Amino acid sequence: MIGYRSKRVLILGVTGMHGSTLFRSFSADARYQTFGTTRDEAGARRLDPSLQGMLIPHVIEGEAGILTAFGRVLPDVVINCIGIIK
């Protein structure tokens with residue numbers, strides 16, 4: 001396809017239940033170049049090793065960390081999965 005570019009997706013909080021599911025789903029779809037943020041490397045190790053290069057570790061819920069992730073990825077779409085669900 002001429003001019004086709006995959007959408008860059010940034011998922012915040014990929015080690016949680018919703019975030020990890022979305023990260024795996026978007027990563028499996030060639031229409032998207034998917035990136036994810038993690039709080040630490042321990043959580044990232046639970047994800048598929050082939051996806052490790054798409055992770056941005058040490059992003060804490062705060063302006064500086066989020067802006068760093070945005071600057072690195074330059075996303076077209078951002079999905080926030082940071083939080084506690086019950």
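None of these values were measured; they are calculated from a predicted model.

Rules and cut-offs
- Residues numbered from 1 in each chain as written.
- Predicted model: local features only at pLDDT ≥ 70, side-chain atom pairs only at ≥ 80, totals over all residues.
- Heavy atoms only, no water.
- Helix = DSSP H or I, 4+ residues; strand = E, 2+ residues; numbered from the N terminus.
- Buried < 20%, exposed > 50% of the residue type's maximum accessible area, 1.4 Å probe, protein only.
- Contact = heavy atoms within 4.5 Å.
- Salt bridge = Lys/Arg side-chain N within 4 Å of Asp/Glu carboxyl O.

(A) Main features of the side chain of T38. Its place among the elements puts T38 in the loop between β2 (32-37) and α2 (41-44). T38 sits in the buried class, given a relative accessible area of 2%. Excluding anything up to four places from it in sequence, T38 contacts V14, T15, A44, L55, I56, P57, H58 and V59.

(B) Quick look at the pattern of salt bridges. A complete count under the given rule lists one salt bridge for this structure. With its nearest N and O atoms 2.6 Å apart, the salt bridge here joins D29 to R31. The partly exposed category is assigned to R31, whose relative accessible area is 47%.

Fair warning: the whole summary comes from geometry, so function is off the table for now.
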